[in-house]
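Chain by chain, the residues run as shown.
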Amino acid sequence: MTKHVILVTGASSGFGLMTARALATAGHIVYASMRETQGRNAPQVAAVAAWAAEQQVDLRTVELDVQSDTSSEAAVAHILADAGRLDVIVHNAGHMMFGPAEAFTPEQYIQQYDVNVLGTQRVNRAALPLLRKQGKGLLVWVGSSSTRGGTPPFLAPYFAAKAAMDALAVSYSTELALWGIETTIMVPGAFTKGTNHFAHSGSPADTARAAEYETGPYAGITDKALKGLASLEPADADPAEVAQAIVRVVDTPFGKRPFRVHVDPSQDGAEVVNAVADRVRREMYRNIDLEDLLTPRIA
């Protein structure tokens, strides 16, 4: 097995922490990034260090706020100085918002895009010059089935941001292929248990506007949507499956990695729609004589 140096963003909890641990257990050198490593996340930094020592794996933490250019650049510089290289980036950092689309302020949408979309751009701009110089690398984007599958109500800011991130990942894939950088888009379904995704979701700032939905013709729809999502999820659905799927992608030889991987116990239809969209994309590239951009190659 090839030992990779890996950066996982948003790794203080949830999919990020699960993925960082799973990759370290698989034998890789992993940097679990998070904000405020000397502040509110200091206990988590200590917990990661203790777990790594107990498991005898190479899991390290690094300060990284994806909403900051300076922080993104400093994190990549730290990894390069510490490990000598960077092979894989797992774009996982993200935040969910739940409530009527109308009740979120424009500023809340901006913040949502800043974390879920622009955060990946900041990290890419900090790291890609290094990966391109190395002539080999892998970007793993943790997306969502909500970009093309079933889209229940009251998750508009999150769905819109995840759709934007997916589109960005698709565009990056062909622009990086000839530099030797592969792309895999992970597509988790709606795991309502086992992560803090829903528990830590943001709420509309315009509470008066939100209340109009809670007492008007949409009264009760919020609970019905959440219960409906939970009912679709099999009892044995395990969010750790997403982390294990990422490990399998990382451990797959260069040039053989899948472009898109679905981990969706609820089977909300995203896999069907994505298959069509990805096929149309491949056909378009063939039609414009750019088919070679669909296959990553050693630079």
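Just so we're clear, the structure is a prediction, and the values are computed from it rather than from any experiment.

Quick notes on the rules
Residues numbered from 1 in each chain as written. Predicted model: local features only at pLDDT ≥ 70, side-chain atom pairs only at ≥ 80, totals over all residues. Heavy atoms only, no water. Buried < 20%, exposed > 50% of the residue type's maximum accessible area, 1.4 Å probe, protein only. Helix = DSSP H or I, 4+ residues; strand = E, 2+ residues; numbered from the N terminus. Right-handed = clockwise from strand over helix to strand, strands pointing away. Pairing = 2+ DSSP bridges. Axes fitted to C-alpha atoms, helices over the stretch in contact; angles between N-to-C directions. Contact = heavy atoms within 4.5 Å. Phe/Tyr/Trp six-rings, centres within 6.5 Å; stacked < 30°, edge-to-face > 60°. Lys NZ or Arg CZ within 6 Å of the ring centre and 35° of its normal.

Caption draft 1: View of the pairing of strand S2 (residues 29–34). Taken across its 6 residues, S2 has 6 buried, putting it largely inside the fold. Residues of S2 alternate between two faces, with Ile 29, Tyr 31 and Ser 33 on one and Val 30, Ala 32 and Met 34 on the opposite face, all of them buried. Note that the unit made of strand S1 (residues 5–8), helix H1 (residues 14–25) and S2 has a crossover that is right-handed. Crossover handedness for the path S2 to helix H2 (residues 42–55) to strand S3 (residues 59–63): right-handed.

Caption draft 2: Main features of unusual backbone geometry. Of note in the backbone geometry, Gln 56 takes a positive phi value of approximately 55° without being a glycine. With respect to the helices and strands, Gln 56 occurs in the loop between H2 and S3. On the basis of relative accessible area, Gln 56 is assigned to the exposed category, the value being 74%. The backbone phi angle of Phe 154 is positive, close to 75°, even though this residue is not glycine. Position of Phe 154 among the secondary structure elements: in the loop between strand S5 (137–142) and helix H5 (156–176).

Caption draft 3: Fine view of the sheet that holds S1. As summarised here, the arrangement of the 7 strands in space is S3-S2-S1-S4-S5-S6-S7, forming an open sheet in which the pairing is parallel. Across the chains shown, the open sheet's two edge strands, defined by having one partner strand only, are S3 and strand S7 (260–263). Pairs of neighbouring strands in the sheet enclose a mean axial angle of 20°, with direction left out of account. Contacts between helix H8 (residues 240–251) and the sheet are confined to S1, strand S4 (88–91), S5, strand S6 (181–188) and S7, with S6 contributing the most and set at about 160° to the helix. Across the sheet, helix H9 (residues 270–287) is in contact with S6 and S7; its angle to S7 comes to roughly 170°.

Caption draft 4: Focus on the packing of aromatic side chains. Applying the stated criterion across every chain, the model contains 7 aromatic pairs. Ring centres 5.8 Å apart and planes at 50° place the aromatic pair Tyr 213 and Tyr 218 in the tilted group. Directly above the aromatic system of Tyr 285 lies the positively charged group of Arg 281, at a separation of 5.8 Å from the ring centroid.

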